[in-house]
Amino acid sequence: MNRKYTLYGLLAAASLFSSCSRIDNGLDTDDIAYMTLNITANPVAEGIERTEGLKIVLENFAEGYRIEQEMTDGVNRIEKLIPGTYSINITGNVEQEGKTFYLIGSKVNYLVVKDGESLSIDVNGASVGPLAFSELFYAGTEPFYFRNQFYEIINNSDETVYLDGLHFANLVPSAATVNLPVWPESDAGKYVYAERIWKIPGTGKDYPLAPGESFSMAQFAANHQLAQYNPKSPIDCSTSEFEFNMNNANFPDQPATDMQHVFYNGLAGKGSLPQYLTSVMGGAYVIFRVPEGESYDPVNNKSLQTRNLATTSANLYAKIPLTYIMDAVECGQNENMITAKRVPSLLDAGMTYVGATYNSKGVRRKKSGVDNAGRPILQDTNNSTEDFERLVTPEFRHYGEGIPSWSTAK
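An unreviewed UniProt entry lists the protein under the name DUF4876 domain-containing protein, with Sphingobacterium hotanense given as the organism.

The following block contains the structure:
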């Protein structure tokens, strides 16, 4: 017998034949009436109009059924769907006015029961690159040495980028926790929140970074392998280009260029802490640039400050507009902390980790290929779970990234 089933048909058939046969899976039927779904990606990110080239994936987990295809602009006809419940995800990069944007949108538990139905899915996102975190080392070295933390960034584009004015910040909470802060309701979808902000000095073109080159910012840009520090340290940070100098006489200023301090607890001053220490369990980090023609002053512009409304603490945190962010990486204690994300998924849909503290291990962005000149191109899908190798031994320029002409490491 050659029967055709829609979902209604399946339900009816299941009821009809419940006493004599059982249908547990749509694929168990002799012949399935495939369905079509017309999907449109609706860009909601400012300045984005095109969605051509995005990848759409429909997964029916109950049936183990998956369809993936590249989207075109406008209506996309998805064919050969079996009836059932789907997770629908749209992701990918689009080019718009010379910038690359990573977009993401989804529908979960979407029931496909009507042939030819139309569905519009909002896709949101942020600009990609050209700069990206290439390696982070935050866990420190046994027994409790943490001054060898550093953050390396690569120019992942095919054009020279000037680092002057590039901002770096660690977000709140300092370590991943399920007790997430409560931010002003009116801020929803607009900001991330920083505990401390720094920026690279310069007048505009003092620090060029050519394609495939990288630089690093160290908590303390010294050779940590010296006896007075920690010979077990996996890294010598004396070649770092920039340092977060906190004016601690016991850990004196090094030859690396000092980062300019921007914000801490509502003030421009650095505060009384003896070091710039981000969590050895893993923080959330962003680099951002203020768009030309705009000003960003979270110290004097009080509208760019807020408290954590979930507590009575008077500590102030800086709001950073999502549209400023060039790259974000979320690090946690382990894979289970993905439920405690601080970074919006449109900036970083995942989380990376090293699983312990003081284990001398870091995280490193994966290499996706090389350009025509043989320079490394690193993977950047705005998903740290997918983009980073974990538990690596820290190393500057692991993939042979270039050294900037102005670097003291040259």
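Okay, back to it.
K.L.:
I tried to follow the overall build of the protein on my own but got confused; where do I start?
P.N.:
Across its full length, the protein carries two helices and 28 strands. Taking the principal axes of its C-alpha atoms as reference, the protein extends roughly 85 × 45 × 45 Å. Counting the 410 residues in the protein, one finds 51% classified as buried. Relative to all contacts within the protein whose residues are 6 or more apart in sequence, the contacts with residues 24 or more apart total 69%. Considering the protein, the positive charge centre built from 33 side chains and the negative charge centre built from 48 side chains are found 3 Å apart.

K.L.:
Explain the state of the cysteines here, please?
P.N.:
Among covalent bonds in proteins, the disulfide is the one between the sulfur atoms of two cysteines. Tallied over the entire structure, the rule returns zero disulfides. Cys-331 takes part in no disulfide bond, and the closest cysteine sulfur to it belongs to Cys-237, at a distance of 16 Å.

K.L.:
Is there a simple way to think about the layout of surface pockets in this case?
P.N.:
As a volume, the second largest pocket reaches approximately 320 Å³. For the lining of the second largest pocket, the element with the highest residue contribution is strand E14 (residues 191–199), accounting for three residues. Partitioning the lining of the second largest pocket into residue classes produces 14 nonpolar, two polar and five charged.

K.L.:
Help me understand the nonpolar core, please; the structure alone is not making it clear to me.
P.N.:
Note that soluble globular proteins tend to have their nonpolar side chains buried in a common cluster. Within the largest apolar cluster, 30 residues are counted, with the highest numbers of intra-cluster contacts made by Leu-131, Phe-133, Leu-163, Phe-168, Phe-215 and Met-217. When residues of this core are traced back to their parent elements, those giving at least two are strand E10 (131–137), strand E11 (150–155), strand E16 (214–218), strand E20 (284–288) and strand E23 (325–332). In this structure Phe-168 touches Phe-133, Tyr-151, Arg-196, Ile-197, Trp-198, Met-217, Phe-244, Met-259, Tyr-276, Tyr-285, Val-286 and Ile-287, once residues within four positions along its chain are discounted. Residues Ile-67, Tyr-86, Ile-90 and Leu-103 belong to the second largest nonpolar core, which totals 26 residues.

K.L.:
Whenever I open this one, the pattern of salt bridges confuses me. Can you help?
P.N.:
Side chains that carry opposite charge are capable of pairing whenever their charged atoms lie near each other. Taken as a whole, this structure holds 14 salt bridges when the rule is applied. Between Asp-187 and Lys-319 there is a salt bridge; the shortest N-O distance is 3.2 Å. Of the two residues, Asp-187 sits in the loop between strand E13 (167–171) and E14 while Lys-319 sits in strand E22 (residues 317–321), which places them 132 residues apart along the sequence. For Lys-319, a relative accessible area of 8% corresponds to the buried category. Shared partners join several salt bridges into a network, and the residues in it are Asp-327, Arg-365, Asp-380 and Asp-387.

K.L.:
Please explain the environment of Leu-226 as it appears in this structure.
P.N.:
Positionally, Leu-226 belongs in the loop between E16 and strand E17 (242–243). Residues Leu-226 and Asp-236, 10 residues apart in the sequence, show an inter-C-alpha distance of 8.7 Å.

K.L.:
Explanation requested: the sheet that holds E10 in the structure shown.
P.N.:
Paired through their backbone hydrogen bonds, the strands of a sheet run either parallel or antiparallel. One open sheet holds the seven strands; their spatial order is E18-E17-E16-E11-E10-E25-E28, and the pairing between them is mixed. Lying at the two open borders of the sheet, with one neighbouring strand each, are strand E18 (257–258) and strand E28 (388–392). The pairing of strand E25 (residues 362–365) with E28 spans three bridges and is classified as antiparallel. Looking across to E28, one finds that Gly-362 is bridged to Val-392.

K.L.:
Hey, could you run me through the confidence of the model for the protein in this one?
P.N.:
In regions of low pLDDT, the predicted coordinates are not meant to be interpreted in detail. Predicted confidence across the protein gives a mean pLDDT of 89, with 90% of residues reaching 70 or more. Under a pLDDT of 50 for its full length, residues 1–26 has, in the predicted model, 28 contacts with residues more than four places off or in other chains.

K.L.:
Can you help me understand the packing of aromatic side chains in this one?
P.N.:
In this description, an aromatic ring pair is defined by two values, namely the gap between the centres and the angle between the planes. For the structure shown, the criterion picks out 24 aromatic pairs. Between the aromatic rings of Tyr-207 and Trp-406, the centroid separation amounts to 4.9 Å while the plane-to-plane angle is 80°, which identifies the pairing as edge-to-face. Residue Tyr-207 is located in the loop between E14 and strand E15 (208–209), and its partner Trp-406 is located in the segment after E28; the two are separated by 199 residues in the primary sequence. A relative accessible area of 14% places Tyr-207 in the buried class. Judged by its relative accessible area of 21%, Trp-406 falls in the partly exposed class.

K.L.:
How do you make sense of the side chain of Asp-380 when you look at a structure like this?
P.N.:
With respect to the secondary-structure elements, Asp-380 resides in the loop between strand E27 (376–378) and helix H2 (384–387). Since its relative accessible area comes to 11%, Asp-380 is described here as buried. Within the local environment of Asp-380, its side chain forms a polar contact with the backbone nitrogen of Asn-382, the two atoms lying 3.4 Å apart.

Rules of the game
- Residues numbered from 1 in each chain as written.
- Predicted model: local features only at pLDDT ≥ 70, side-chain atom pairs only at ≥ 80, totals over all residues.
- Heavy atoms only, no water.
- Helix = DSSP H or I, 4+ residues; strand = E, 2+ residues; numbered from the N terminus.
- Buried < 20%, exposed > 50% of the residue type's maximum accessible area, 1.4 Å probe, protein only.
- Contact = heavy atoms within 4.5 Å.
- Lys, Arg positive; Asp, Glu negative; His and termini not counted.
- Charge placed at Lys NZ, Arg CZ, Asp CG, Glu CD.
- Disulfide = S-S within 2.5 Å.
- 1 Å grid on protein atoms, 1.4 Å probe; cavity = no way out; pocket = protein on both sides within 12 Å on 5 of 7 lines; lining within 4 Å.
- Points joined across faces, edges and corners; volume = space filled by probe spheres on them.
- Nonpolar A, V, L, I, M, F, W, Y, C, P; charged D, E, K, R; others polar.
- Core = buried A, V, L, I, M, F, W, Y, C linked by side-chain atoms within 4.5 Å.
- Salt bridge = Lys/Arg side-chain N within 4 Å of Asp/Glu carboxyl O.
- Pairing = 2+ DSSP bridges.
- pLDDT = per-residue confidence, 0-100.
- Phe/Tyr/Trp six-rings, centres within 6.5 Å; stacked < 30°, edge-to-face > 60°.
- Polar contact = N/O pair within 3.5 Å; in protein donor to acceptor, adjacent residues only side chain to side chain.

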